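Chain by chain, the residues run as shown.
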Amino acid sequence: MKQKIVIKVSMPCEKSRSKAMALVVMASGVNSVEVTGDGKDRLQVVGDGVDVTCLVTCLRKKIGYAEIVQVEEVKEKKPEPPKKPEEKKPEPPKPVPCYYPHPYYYHHHYGGTPVAVGDGPSDPCSIM
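Here is what the cut-offs are and how they apply
Residues numbered from 1 in each chain as written. Predicted model: local features only at pLDDT ≥ 70, side-chain atom pairs only at ≥ 80, totals over all residues. Heavy atoms only, no water. Helix = DSSP H or I, 4+ residues; strand = E, 2+ residues; numbered from the N terminus. Buried < 20%, exposed > 50% of the residue type's maximum accessible area, 1.4 Å probe, protein only. Contact = heavy atoms within 4.5 Å. Areas by Shrake-Rupley, 256 points an atom, 1.4 Å probe, with all protein chains shown as cover. Core = buried A, V, L, I, M, F, W, Y, C linked by side-chain atoms within 4.5 Å. Pairing = 2+ DSSP bridges. Axes fitted to C-alpha atoms, helices over the stretch in contact; angles between N-to-C directions.

Looking at an unreviewed UniProt entry, one finds the chain named HMA domain-containing protein, with Oryza punctata as its source organism.

Pasting the structure below:
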């Protein structure tokens with residue numbers, strides 16, 4: 001379970017702030033640490049399975065005054081899936097037009113009456 005913890009710590013100078021942050025970061029399960037508050041006297045710790053009492057006890061031993069201000073569960077915001085535009089019903093498929101091939105008929109066209117070609121002169125003119 002991911003949780004957000006706010007601890008008020010007496011940190012009068014920058015050296016004590018960095019020492020407190022180093023102590024908190026070394027604790028197991030800590031994901032992030034941030035110095036907050038008007039007087040920069042609060043540590044906001046975000047982590048998963050952090051032992052709050054152990055963390056505060058360690059800060060009291062090494063730094064000085066430390067008090068738990070707030071402990072709350074962080075609920076992760078799930079990204080909303082992008083809204084899909086209204087789905088249109090697919091149009092029914094159009095029927096494929098049927099093409100029937102023309103029937104194959106063999107037609108033999110005769111060019112009329114046959115002309116006889118012969119050896120003999122068919123013309124009365126014999127010049128040629």
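Peer 1: What exactly am I supposed to notice about the overall build of the chain here?
Peer 2: Across its full length, the chain holds 2 helices and 4 strands. Overall, the chain shows an N-to-C arrangement of helices and strands of β-α-β-β-α-β. Out of the 128 residues belonging to the chain, those deemed buried represent 19%. Of the contacts formed within the chain by residues at least 6 apart in sequence, a portion of 64% connects residues at least 24 apart. For the chain, the computed accessible surface area is about 11,600 Å², with 57% contributed by carbon and sulfur atoms.

Peer 1: For this particular structure, what's the right way to read the environment of Val52?
Peer 2: You can see Val52 is positioned in helix H2 (residues 52–62). For Val52, a relative accessible area of 13% gives the class buried. Spatially, the C-alpha atom of Val52 lies 9.3 Å from that of Ile7, the residues being 45 residues apart in sequence.

Peer 1: Quick question: what am I supposed to make of the nonpolar core here?
Peer 2: Considering soluble globular proteins, one finds that nonpolar side chains tend to be buried as a cluster. If you look at the biggest cluster of nonpolar residues, it comprises 17 residues, and the most contacted ones within it are Ile7, Val9, Val24, Leu43 and Leu59. Only strand S1 (2–9), helix H1 (14–26), strand S2 (30–36), strand S3 (42–48) and H2 provide two or more residues apiece to this core. In terms of residue count, H2 provides more of this core than any other element does, 4 residues in total. With sequence-adjacent residues up to four places away left out, Ile7 is seen in contact with Asp41, Arg42, Leu43, Leu55, Val56, Leu59, Ala66, Glu67 and Val69.

Peer 1: Which parts of the structure should I look at to understand the pairing of S1?
Peer 2: Relative to S3, S1 runs antiparallel, the two being bridged by 7 bridges. Counted as the bridge partner of Lys4 is Val46 from S3. Sheet topology places S1 next to strand S4 (residues 66–73); 7 bridges connect them, and they run antiparallel. Looking across to S4, one finds that Val6 is bridged to Gln70.

Peer 1: Looking at this structure, I do not really get the sheet that holds S4. What am I missing?
Peer 2: Either a parallel or an antiparallel arrangement is found when strands of a sheet pair, and the pairing is made through backbone hydrogen bonds. Taken together, 4 strands build an open sheet; the order of strands is S2-S3-S1-S4 and the sheet is antiparallel. Whereas interior strands pair on both sides, the edge strands pair on one side only; in this sheet they are S2 and S4. On average, adjacent strands in this sheet sit at an angle of 20 degrees to one another, irrespective of strand direction. Where S2 and S3 come together, 6 bridges link them in antiparallel fashion. When the sheet's bridge partners are listed, Glu34 is paired in S3 with Gln44. With respect to the sheet, H1 is in contact with S2 and S3, its orientation differing from that of S2 by roughly 160 degrees. Across the sheet, H2 lies against S1, S3 and S4, angled at about 155 degrees from S4, the strand it touches most.

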